[in-house]
Amino acid sequence: MGERNILLVEDEEYIRENLTEILEMNGYRVSAAPNGEAGLELARKRGYDVILTDLKLPGITGIEVIKNIKSFSPNTVCIILTGYASVETAVEAMRAGAFTYLEKPCGKDELLVTLEKAYEMHSLAVENVNLKNEIKTSCTEAILGTSSEIQAMRDTIEKVADTDSTVLILGESGTGKELVARALHYGSSRFNKPFVPINCGAIPEDLLESELFGYEKGAFTGAIATKIGRFEAADHGTVFLDEIGDMSAALQVKILRVLQEKEFERLGGRSSIKVDVRVVAATNIDLEVAVQEKRFRKDLFYRLNVIPIHLPPLKNRREDIPLLISHFMEKIAMRKKKYIKGIAPEAMNILEAYEWPGNIRELENLIERLMVLKEDGGVIVPKDLPDKIRSTKAEGLNLTSFTMPADGIDFNTAVDNFERDLIMHALNRVNGVKKKAADYLKLNRTTLIEKMKRKGLLDAVDSAEAVDLVES
Ligand SMILES: Nc1ncnc2c1ncn2[C@@H]1O[C@H](COP(=O)(O)OP(=O)(O)OP(=O)(O)O)[C@@H](O)[C@H]1O
Ligand SMILES: [Mg+2]
């Protein structure tokens, strides 16, 4: 343990010297001040773990000293010394942030025991702050990425984490919505209270209500004992309502009420239950469209959408792909005790060019699969990659690797060529069967044929027409 420093503020010289002596004899390094103003000056200059201050002082009072110190040094533990410990002054002192008070004249043992507790309190407070900082950084840091999209998102998370505002996380599946929800929780002062995720889309509609709000014994057949719901379990913590877009109209009303009034009833219960929860919601559907189509309540949408956080799909931040890959490789190496050397540049190019419809989750699963299948110490090469991913490059449709000509480009011709390429590649994939090519391109067969006619492509694949007629 380092040296224990203490600030003593006491106007009466005799007491000040007496206490200083006792403290120094017991190993404390004491700074003594005869009034509050001088004490504050010392505190600002040096900082103390613990202060012991008289209540009645010639200038500002001991209470004011404490309030002031707490404002710039919240972890300093303050003890009040008072000649007449009335309940009122004690209450006032505690309210100002004092840890406890000592009545004068106070015995040496009582003083030392109290100080022992005060230092313990101080180290707990410091540990708590450190822990909190650690969690905070480890959580936003867990969201990897150097792309501007991710950096902006991390900034937003840091700004809103420690507020009670409702956050709506929007993003395709596998983009990291749950990771963001956790970062919001662990970055808030609710971090040591429960984080309760609930997947509104995965729980059958008739069970969801009792999951969320709980039920009283006898509320329905089978309710043999009272059960608390997720909202109650999350008291003082965070509820994460995942896939909120899938929630029924009836439940939407109930959620709205919890958000507005912070209260609800258990199923079959008569009394309202009040909870203090922070709500974070997520969805991968377009809620605005759902509102327009009257599948989602407008008032609930506005209530949830206080702070929207948009997660970009992975294909919009391809620059983050190598970083994510090495992160997952490390993680999987640790978990599976399997080490591989790395990924060959050609394979990396393909991975960077792929569309990643399943986003980061798909990337993580693929890396795991590649590593499991690879021999120890091996290098991932293009032929290790699944066909689906390898064909990205073969089709030559990777627009991010497309270099724009220096002297400009004719838009219509470029688009025309691109369409032609797409059609030819699709036809190649399916051995020229137009119906299959149309399915692959998600076009009507007639639309495809119309396009082919206009581009003069019909003759080129005429030989396949016979097959086409049989197939379609
Ligand atoms: N930026 C990131 N950095 C590191 N790992 C990430 C990042 N984003 C997501 N992940 C990881 O990818 C996986 C999928 O993320 P998560 O479960 O949060 O996605 P989701 O959007 O909730 O997906 P779904 O819609 O399928 O529920 C998790 O293992 C998560 O840890
Ligand atoms: Mg999720």
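Residues numbered from 1 in each chain as written. Chains lettered and ligands numbered in written order. Predicted model: local features only at pLDDT ≥ 70, side-chain atom pairs only at ≥ 80, totals over all residues.

**Concerning the overall build of the protein**
And then number 1: Check the secondary structure of the protein and you find 20 helices and 16 strands.
And then number 2: The C-alpha atoms of the protein give 33 Å as radius of gyration, which overshoots the globular expectation for 472 residues (23 Å, by more than 25%).
And then number 3: With respect to the three principal axes, the spread of C-alpha positions in the protein is 110 × 60 × 45 Å.
And then number 4: Looking at the protein residue by residue over its 472 residues, the buried ones come to 29%.
And then number 5: A sequence separation of at least 24 residues applies to 70% of the contacts in the protein between residues at least 6 apart. (Helix = DSSP H or I, 4+ residues; strand = E, 2+ residues; numbered from the N terminus. Rg over C-alpha atoms; globule rule 2.2 N^0.38 Å. Buried ≥ 20, exposed ≤ 12 C-beta atoms within 10 Å, placed from the backbone. Contact = placed C-beta atoms within 7 Å.)

**Some thoughts on the domain arrangement of the protein**
And then number 1: Domain parsing of the protein yields domain 1 (4–129), domain 2 (143–310), domain 3 (315–399) and domain 4 (411–471).
And then number 2: Measuring from the centre of the C-alpha atoms in domain 1 to the corresponding centre in domain 4 gives 84 Å. (Domains from an automatic or database assignment.)

**Re the nonpolar core**
And then number 1: Ile169, Val180, Leu184, Val239, Leu241, Val280 and Ala281 are the most contacted members of the largest nonpolar core, which totals 39 residues.
And then number 2: Taken together, the elements giving at least two residues each to this core come down to α6 (148–161), β6 (167–170), α7 (177–186), β7 (195–199), α8 (205–213), β10 (238–242), β13 (278–283) and α12 (298–304).
And then number 3: Considering each element in turn, this core owes the most residues, five residues, to α7.
And then number 4: When neighbours within four sequence positions are excluded, Val239 is seen to be in contact with Val196, Ile198, Arg230, Phe231, Ala234, Val277 and Val279.
And then number 5: Core analysis: the next-biggest nonpolar cluster, separate from the first, contains 31 residues, Ile6, Tyr48, Tyr101 and Leu115 among them. (Core = buried A, V, L, I, M, F, W, Y, C linked by C-beta atoms within 7 Å.)

**Observations concerning the sheet that holds strand β2 (residues 28–33)**
And then number 1: The five strands lie next to each other as β2-β1-β3-β4-β5, forming an open sheet whose pairing is parallel. Either end of the sheet is taken by a strand with one partner, and the two such strands are β2 and β5 (100–103). Averaged over all neighbouring strand pairs, the angle between strand axes comes to 20°, with direction disregarded.
And then number 2: Where strand β3 (residues 50–54) and strand β4 (residues 77–82) come together, five bridges link them in parallel fashion. Opposite Ile51, over in β4, you have Cys78 as the bridge partner.
And then number 3: Against the sheet, helix α3 (residues 62–72) contacts β1 (4–9), β3 and β4, and its axis sits at roughly 155° relative to β3. (Pairing = 2+ DSSP bridges. Axes fitted to C-alpha atoms, helices over the stretch in contact; angles between N-to-C directions.)

**Observations concerning α7**
And then number 1: Most of α7 is tucked away, with seven of its 10 residues classed as buried.
And then number 2: Buried within α7 we find Lys177, Val180, Ala181, Ala183, Leu184, His185 and Tyr186.

**Here's the deal with the packing of helix α2 (residues 36–46) against α3**
And then number 1: Taken N-terminus to C-terminus, the directions of α2 and α3 make an angle of 15°; their axes are 10 Å apart at the nearest point. Put simply, α2 runs roughly parallel to α3. For the pair α2 and α3, the crossing hand works out as right-handed. Two secondary-structure elements touch here, α2 through Gly36, Gly39, Leu40, Ala43 and Arg44 and α3 through Glu64, Val65, Asn68, Ile69 and Phe72.
And then number 2: Residue classes in the contact of α2 with α3 are distributed as five nonpolar, three polar and two charged. (Parallel < 35°, antiparallel > 145°, perpendicular 65-115°, else oblique. Left-handed = near helix turned anticlockwise from the far one by under 90°. Nonpolar A, V, L, I, M, F, W, Y, C, P; charged D, E, K, R; others polar.)

**Section: the environment of Ser147**
And then number 1: Structurally, the position occupied by Ser147 is in the loop between α5 (108–142) and α6.
And then number 2: Here Ser147 falls in the partly exposed class, since 17 other C-beta atoms lie within 10 Å of it.
And then number 3: Sequence spacing of Ser147 and Asn316 is 169 residues, and the spatial spacing of their C-alpha atoms is 9.4 Å.

**Quick word on the site of ligand 1**
And then number 1: Of all residues adjacent to ligand 1, which total 17 residues, the nearest are Leu144, Ser173, Gly176, Lys177 and Glu178.
And then number 2: Looking at the shell around ligand 1, the elements that each hand over two or more residues are α7, α13 (321–336) and α15 (359–373).
And then number 3: Of the residues in the shell around ligand 1, the class split is five nonpolar, eight polar and four charged.
And then number 4: Here the shell around ligand 1 gathers at least three residues from each of two domains, domain 2 (143–310) and domain 3 (315–399). (Near = placed C-beta within 6 Å.)

**Topic: the sheet that holds β10**
And then number 1: Sheet architecture is open: five strands sit in the order β7-β10-β13-β6-β14, paired in parallel fashion. Strands at the two margins of the open sheet, each flanked by one partner only, are β7 and β14 (307–310). Geometrically, the sheet is characterised by an average inter-axis angle of 20° between neighbouring strands, direction not taken into account.
And then number 2: Pairing analysis gives four bridges linking β6 to β14, with the strands arranged parallel. What sits directly across from Leu168, in β14, is Pro308.

**Some words on the pairing of β1**
And then number 1: Across six bridges, the pairing between β1 and β2 is parallel. Residue pairing for β2: Ile6 is matched across the bridge by Val30.
And then number 2: In this fold, β1 hands off to helix α1 (residues 13–25), which returns the chain to β2; that crossover is right-handed.
And then number 3: Bridging between β1 and β3 involves four bridges; their strand directions are parallel. (Right-handed = clockwise from strand over helix to strand, strands pointing away.)

**Digging into helix α10 (residues 249–261)**
And then number 1: With 13 residues, α10 should reach 18 Å at 1.5 Å per residue; the first-to-last C-alpha distance of 19 Å fits that figure.
And then number 2: Just downstream of α10 lies Lys262, where phi reads positive at about 60°. (Expected span 1.5 Å × (residues − 1).)

**Examining the packing of α13 against α15**
And then number 1: Direction vectors running N to C along α13 and α15 enclose 50°, while the axes themselves pass 9 Å from each other. Overall, the two elements α13 and α15 adopt an arrangement that is oblique. Of the two elements, α13 crosses α15, and the hand of that crossing is right-handed. The residues of α15 that touch α13, namely those facing Leu324, Ile325, Phe328, Met329, Ile332 and Lys336, are Ile360, Leu363, Glu364, Ile367, Glu368, Met371 and Val372.
And then number 2: Tallied by class, the residues present in the contact of α13 with α15 amount to 10 nonpolar, no polar and three charged.

**Looking at the environment of Thr175**
And then number 1: Mapped onto the secondary structure, Thr175 falls in the loop between β6 and α7.
And then number 2: Overall, the presence of 25 C-beta atoms within 10 Å leaves Thr175 in the buried class.
And then number 3: Separated by 138 residues in the primary sequence, Thr175 and Pro313 place their C-alpha atoms 6.1 Å from one another.
And then number 4: Not counting chain neighbours up to four residues away, the residues in contact with Thr175 comprise Leu311, Pro313, Asn359 and Ile360.

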